[in-house]
Amino acid sequence: MEKVRERMNALRLETDQAHAKNEELATRVKALDQENLTKDQEIVSLKHQNTLLTNELDKTEKNLAEAKSAADSGAAHGSEVDSLNRKLQLLEEEAEEADKNLRETNEKQVALILFPHDPQKEIHPFQKAFAEMHLTRRIRLRLTDVKAEHYERKVATIEAERDSWERKYEEALEKLKASQLELETISKQMDDL
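An account of the accompanying structure is given in this report. (Residues numbered from 1 in each chain as written. Predicted model: local features only at pLDDT ≥ 70, side-chain atom pairs only at ≥ 80, totals over all residues. Heavy atoms only, no water.)

**Concerning the overall build of the protein**
Reasoning step 1: Looking only at helices and strands, one finds two helices and zero strands in the protein.
Reasoning step 2: Per-residue burial over the protein gives 3% buried out of 193 residues.
Reasoning step 3: Of the roughly 18100 Å² of accessible surface on the protein, a fraction of 56% belongs to carbon and sulfur atoms. (Helix = DSSP H or I, 4+ residues; strand = E, 2+ residues; numbered from the N terminus. Buried < 20%, exposed > 50% of the residue type's maximum accessible area, 1.4 Å probe, protein only. Areas by Shrake-Rupley, 256 points an atom, 1.4 Å probe, with all protein chains shown as cover.)

**Quick look at a negative patch on the surface**
Reasoning step 1: Judged by side-chain charge, E92, E93, E94, E96, E97 and E104 come together as a negatively charged surface patch.
Reasoning step 2: Following the sequence through the fold, E92 ends up in helix 1 (residues 2-114). (Patch = residues over 30% accessible without salt bridge, like charges linked within 9 Å, V, L, I, M, F, W, Y side chains within 5 Å. Salt bridge = Lys/Arg side-chain N within 4 Å of Asp/Glu carboxyl O. Lys, Arg positive; Asp, Glu negative; His and termini not counted. Charge placed at Lys NZ, Arg CZ, Asp CG, Glu CD.)

**Let's talk about the packing of aromatic side chains**
Reasoning step 1: Inspection of every chain in the model, using the stated rule, returns zero aromatic pairs.
Reasoning step 2: Between K168 and the ring centre of W165, over which it is positioned, the NZ or CZ distance is 4.8 Å. (Phe/Tyr/Trp six-rings, centres within 6.5 Å; stacked < 30°, edge-to-face > 60°. Lys NZ or Arg CZ within 6 Å of the ring centre and 35° of its normal.)

**Structural notes on the pattern of salt bridges**
Reasoning step 1: With the rule as written, the count across this model stands at two salt bridges.
Reasoning step 2: Notably, a salt bridge pairs D163 with R162, separated by 3.2 Å at the nearest N-O pair.
Reasoning step 3: Its relative accessible area of 30% is what places D163 among the partly exposed residues.
Reasoning step 4: Where R162 meets E166, a salt bridge forms, and the shortest distance between an N and an O atom there is 3.9 Å. Note that R162 and E166 are positioned in helix 2 (residues 125-192) at a spacing of four residues, about one turn of the helix.
Reasoning step 5: A residue is classified by how much of its surface remains accessible, and R162, at 44% relative accessible area, is partly exposed.
Reasoning step 6: Using a relative accessible area of 42% as the deciding quantity, one classes E166 as partly exposed.

Put into structure tokens, the structure is as follows:
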């Protein structure tokens, strides 16, 4: 019996040790579960942060591409502006040259009007004003003639169009009369039936 008691005591001791070990392991499992949960939350947080950073990187890359495109188009516009400025400068020079030629031509015309046989003769301001007025009247008269010709052509075109519409009206009127006669004939035939 004593052996049985010793054996029972040993088993109780072993059971107590097993319970203590079990409680220790359960506490450790809880701690590990808690640590695992914390790490899972940290992973979720890092994934979310990674997604945000990836989106931010995509936006930054898109902005960089747009900035590069804008810089390229800005450079292209800059060269286009330079080209247009050069063209503008050339056109201004040509306009100045044309203006100068026009003034010289007007002066020569005035000299020819005043002195048809000797255009090199000195022109007085009064004579120049008179000749310029005469030249201006000639130009206005020519412009009036050109406008008159234009309007005469326009009137002729409108008259031709009017004549065409009158012919079409007369043709339509004749067709209407023929249709009315045909309708009356058909109506009489229907009445006879």
